[in-house]
Amino acid sequence: LEPGDDGNFDDETNQLNYGNNDEDFSHTITQQQQQQQHPKTRWLMLTLTCTVMTASYYSFDIPSALHQQLQDYMPQSSNFERNFNLLYTVYSIPNVVLPLFGGNFVDRFGAPQCLFSFASLVCCGS
């Protein structure tokens, strides 16, 4: 790019001009320098992400871990397996339906309002 480019698309050369290159970028750091500055933060974020994902899968699968205890605790019934599977179904239906509407809600009302609304619903439901 040549100094003095104004950021316009040039039809003759089919190139996008990005503007004036006279700016001083000496204060910026490279990605490698940034990674070396905060390795503890990166490991902390990795650990927290793994913990949250493990907890999420554990809470989703906890009914299967309690299957025998629930069967022993509940009165003997031929419908126990159906009701137990219905528990999974009711638990997972919002995960199937809400993504179909969630994007439209975010586009219409904005991310901050939707985040607050959805987090409030989760807190009320728990």
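See above for the structure.
In this report, we go over the structure that sits alongside the text. The structure presented is a predicted model; accordingly, all values stated were derived computationally and were not measured.

1. Details of the layout of surface pockets
- Approximately 260 Å³ is the volume found for the largest pocket.
- Every residue along the wall of the largest pocket is listed here: Tyr91, Pro94, Asn95, Leu98, Phe118, Leu121 and Val122.
- The set of elements that each furnish at least two residues to the lining of the largest pocket consists of helix 4 (80-109) and helix 5 (111-125).
- Its residues assigned to classes, the lining of the largest pocket comprises 6 nonpolar, 1 polar and no charged.

2. Some thoughts on the packing of aromatic side chains
- Under the defined criterion, the tally for this structure stands at 3 aromatic pairs.
- Judged by centre distance (5.9 Å) and plane angle (25°), the ring pair of Phe80 and Phe84 falls under stacked. Of the two residues, Phe80 and Phe84 both sit in helix 4, 4 residues apart, roughly one turn of that helix.
- Classification of Phe80 by relative accessible area gives buried; the value is 12%.
- Look at Phe84 and Tyr88: their rings are 5.9 Å apart centre to centre, the planes differ by 85°, and that puts the pair in the edge-to-face class. Of this pair, Phe84 and Tyr88 both sit in helix 4, separated by 4 residues, roughly a single helical turn. You'll find Phe84 and Tyr88 in the same group, each marked buried.
- Taken together, Phe80, Phe84 and Tyr88 form an aromatic cluster joined through their ring pairs.

Each value, and the rule that gives it
- Residues numbered from 1 in each chain as written.
- Predicted model: local features only at pLDDT ≥ 70, side-chain atom pairs only at ≥ 80, totals over all residues.
- Heavy atoms only, no water.
- 1 Å grid on protein atoms, 1.4 Å probe; cavity = no way out; pocket = protein on both sides within 12 Å on 5 of 7 lines; lining within 4 Å.
- Points joined across faces, edges and corners; volume = space filled by probe spheres on them.
- Helix = DSSP H or I, 4+ residues; strand = E, 2+ residues; numbered from the N terminus.
- Nonpolar A, V, L, I, M, F, W, Y, C, P; charged D, E, K, R; others polar.
- Phe/Tyr/Trp six-rings, centres within 6.5 Å; stacked < 30°, edge-to-face > 60°.
- Buried < 20%, exposed > 50% of the residue type's maximum accessible area, 1.4 Å probe, protein only.

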